[in-house]
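# Breakdown of the fold
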Amino acid sequence: MSNTIDKTIEFVKQKLEGAEAGHDWFHIERVWKLAKKIAVTENCNMEVVELSALLHDIADPKFHNGDETLALKISRDLLESLEVNEETIQQVLFIIKNISFKNRNEVPKDLPVELKIVQDADRIDAIGAIGIARTFNFGGFKNNLMYHPDIEPKLNMSKEEYKKSNGTTINHFYEKLLLLKDLMNTEEGKKIAEERHQFMLSFLDQFFKEWNVD
């Protein structure tokens, strides 16, 4: 297995060279490590967890004109070339297809534990200090406003509204990031998320204190 993982790492590093800093190899590496940390507390297929974590953002649709099939094609081609068995490939592709926050209302109800683990790891990397840094990096990449007191967060957006949203970076905390703690699947994920959630609340308190200078 380690040879397959090593070759997958090599492939992902090369593929994501020059990617936006919130969705680059270092994001993948953090999610992979978090997934392994959570996986040891669950009864799961570690190969599926690792491969899914490594490939989950190989072609994020928001950087590819919304194409949700490209990541599946790239991943299948790679895994077939590494002679991974078909059952494992199917499991990995299922996770890549269903991991996203925007797809949360479309996924089947009974999710495999491997998806729950990788999803928790990915969501954990979206919160806390790293999450704050990634959010502002992406906001700058999109040239979004940091904050505007007259622009309210849009809660309960549909998938299409979420994909098209160009709101402020601060609103993104209320539209997504602060919701993630309560969406964790695993006990280990919940534990890690709690501390990061509290850090974001402290950050927002400080942000508004500095913004609203008397």
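Before reading on, note that the structure itself is shown above.
In this report, we go over the structure that sits alongside the text. Source: prediction; values computed, not measured.

Thresholds applied
- Residues numbered from 1 in each chain as written.
- Predicted model: local features only at pLDDT ≥ 70, side-chain atom pairs only at ≥ 80, totals over all residues.
- Heavy atoms only, no water.
- Helix = DSSP H or I, 4+ residues; strand = E, 2+ residues; numbered from the N terminus.
- Expected span 1.5 Å × (residues − 1).
- Buried < 20%, exposed > 50% of the residue type's maximum accessible area, 1.4 Å probe, protein only.
- Contact = heavy atoms within 4.5 Å.
- Polar contact = N/O pair within 3.5 Å; in protein donor to acceptor, adjacent residues only side chain to side chain.
- Core = buried A, V, L, I, M, F, W, Y, C linked by side-chain atoms within 4.5 Å.
- Phe/Tyr/Trp six-rings, centres within 6.5 Å; stacked < 30°, edge-to-face > 60°.
- Axes fitted to C-alpha atoms, helices over the stretch in contact; angles between N-to-C directions.
- Parallel < 35°, antiparallel > 145°, perpendicular 65-115°, else oblique.
- Nonpolar A, V, L, I, M, F, W, Y, C, P; charged D, E, K, R; others polar.
- Arc of directions from axis to C-beta.
- Left-handed = near helix turned anticlockwise from the far one by under 90°.

In this section: the environment of Met46. You can see Met46 is positioned in helix 3 (residues 46-55). Measuring from C-alpha to C-alpha, the distance between Met46 and Lys154 comes to 37 Å, with 108 residues separating the pair along the chain.

Below, the discussion takes up helix 10 (residues 187-211). If you check helix 10, its first and last C-alpha atoms are 36 Å apart, about what 25 residues at 1.5 Å a residue would give, namely 36 Å. Listed as buried for helix 10 are Glu188, Gly189, Ile192, Ala193, His197, Met200, Leu204 and Phe207. Considering only its buried residues, helix 10 is in contact with helix 2 (25-39), helix 6 (113-124), helix 7 (128-141) and helix 9 (169-175).

Our focus in this paragraph is the side chain of Thr186. Mapped onto the elements, Thr186 comes out in the loop between helix 9 and helix 10. Given the relative accessible area of 3%, Thr186 is considered buried. Here Gly189 takes part through its backbone nitrogen, which lies 2.9 Å from a polar atom of the side chain of Thr186. Once residues within four sequence positions are removed from consideration, Thr186 is found in contact with Ile38, Glu42, Lys116, Ile117 and Asp120.

Moving on: the nonpolar core. Leu55 and Phe173 are the most contacted members of the largest nonpolar core, which has 54 residues in total. Put simply, the parts of the chain that give this core at least two residues each are helix 1 (2-15), helix 2, helix 3, helix 4 (70-81), helix 5 (86-98), helix 6, helix 9 and helix 10. Of all the elements, helix 2 adds the most residues to this core, at eight residues. Other than its neighbours up to four places away in sequence, Leu55 contacts Thr8, Val12, Ser75, Leu78, Leu79, Val92 and Ile96.

Below, the discussion takes up the packing of aromatic side chains. On inspection of all chains with the given rule, the structure shows ten aromatic pairs. Relative to Phe207, the ring of Phe203 has its centre 6.1 Å away and its plane inclined at 45 degrees; by these criteria the two rings are tilted. Taken together, the positions of Phe203 and Phe207, both in helix 10 and four residues apart, correspond to about one turn of that helix. By the ring-pair criterion, three or more aromatic residues cluster together here, those being Phe136, Tyr147, Phe173, Phe203, Phe207, Phe208 and Trp211.

Viewed as axis vectors pointing N to C, helix 2 and helix 10 meet at an angle of 130 degrees, and their least axial separation amounts to 9 Å. The orientation of helix 2 with respect to helix 10, classified from their angle, is oblique. Across the interface between the two elements, Leu34, Lys37 and Ile38 from helix 2 touch Glu188, Gly189, Ile192 and Arg196 from helix 10. Here the contact of helix 2 with helix 10 is composed, by residue class, of three nonpolar, one polar and three charged.

Its 14 residues place the ends of helix 1 20 Å apart at the C-alpha level, agreeing with the 20 Å of an ideal helix rising 1.5 Å per residue. Within helix 1, burial applies to Thr4, Ile5, Thr8, Ile9 and Val12. Buried residues along helix 1 cover an arc of 135 degrees about the axis, so they all sit on one side. The exposed residues of helix 1 that point more than 90 degrees off its buried face are Glu10 and Gln14. The inward-facing, buried residues of helix 1 contact helix 2, helix 3 and helix 4.

In contact at an axis separation of 8 Å, helix 2 and helix 3 are set at 160 degrees when each is read in the N-to-C sense. One way to sum up the angle between helix 2 and helix 3 is to call them roughly antiparallel. Helix-helix and strand crossings are classified by hand; for helix 2 and helix 3 the assignment is right-handed. On helix 3, the residues that touch Trp25, Ile28, Val31, Trp32, Ala35, Lys36 and Ala39 of helix 2 are Met46, Val49, Glu50, Ala53 and Leu54. Considered class by class, the residues forming the contact of helix 2 with helix 3 number ten nonpolar, no polar and two charged.

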